[in-house]
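The chain contents come next:
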Amino acid sequence: MAFKCSAWNNGKHHKTGAGYGLKLSIEGRDKYFKTDWKSVQFMLPVEGGFKIVALNIEKPSFWNKTCHEVINKEIGEWLLASSLAPWPRGVPPKFTVIPAGERMFMVSKINT
């Protein structure tokens, strides 16, 4: 009942967190997300709990066969604060995403 994703960046590793997101597996997206949803919430692990981030999925790029990323400056801030970004070229951090309720998903780092 979980699926994989990886960190994503538009190629410009901004210190502000802009240009970061999570690239979801197409299988996970298609199984757990609905095309009529406008947004979802991701629970990102932080010390002492979770940071909840609202993410727009009402855009053609999320539903196509090549992009399927959720993009938000807050994801970038979390990746940077967690020392998960920037990463070596071609080796983004990997995560497990677990459905945690209607339009709510919990993210956890895969330890490698």
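Before any of the text, the structure's been laid out above.
What counts as what
Residues numbered from 1 in each chain as written. Predicted model: local features only at pLDDT ≥ 70, side-chain atom pairs only at ≥ 80, totals over all residues. Heavy atoms only, no water. Helix = DSSP H or I, 4+ residues; strand = E, 2+ residues; numbered from the N terminus. Rg over C-alpha atoms; globule rule 2.2 N^0.38 Å. Contact = heavy atoms within 4.5 Å. Areas by Shrake-Rupley, 256 points an atom, 1.4 Å probe, with all protein chains shown as cover. Lys, Arg positive; Asp, Glu negative; His and termini not counted. Charge placed at Lys NZ, Arg CZ, Asp CG, Glu CD.

A. Looking closely at the overall build of the protein chain. If you tally the helices and strands in the protein chain, you get 3 helices and 7 strands. Secondary structure of the protein chain in N-to-C order comes out as β-β-α-β-β-α-β-α-β-β. Here the protein chain has a C-alpha radius of gyration of 13 Å; the compact-globule value for 112 residues is 13 Å, and the two agree. In terms of its C-alpha atoms, the protein chain occupies a principal-axis envelope of roughly 35 × 30 × 25 Å. Sequence-distant contacts in the protein chain: of pairs separated by 6 or more residues, those separated by 24 or more amount to 54%. As presented, the protein chain carries roughly 6,500 Å² of accessible surface, and 55% of it is formed by carbon and sulfur atoms. Placing the 16 positive and 9 negative side-chain charges of the protein chain at their respective mean positions leaves the two points 6 Å apart.

B. The arrangement of the side chain of Ser6 in detail. With respect to the helices, strands and loops of the structure, Ser6 is situated in strand 1 (residues 3-9). Ser6 has contacts with Gly21, Leu22, Lys23, Pro92, Pro93, Lys94 and Phe95, leaving out every residue within four places of it along the chain.

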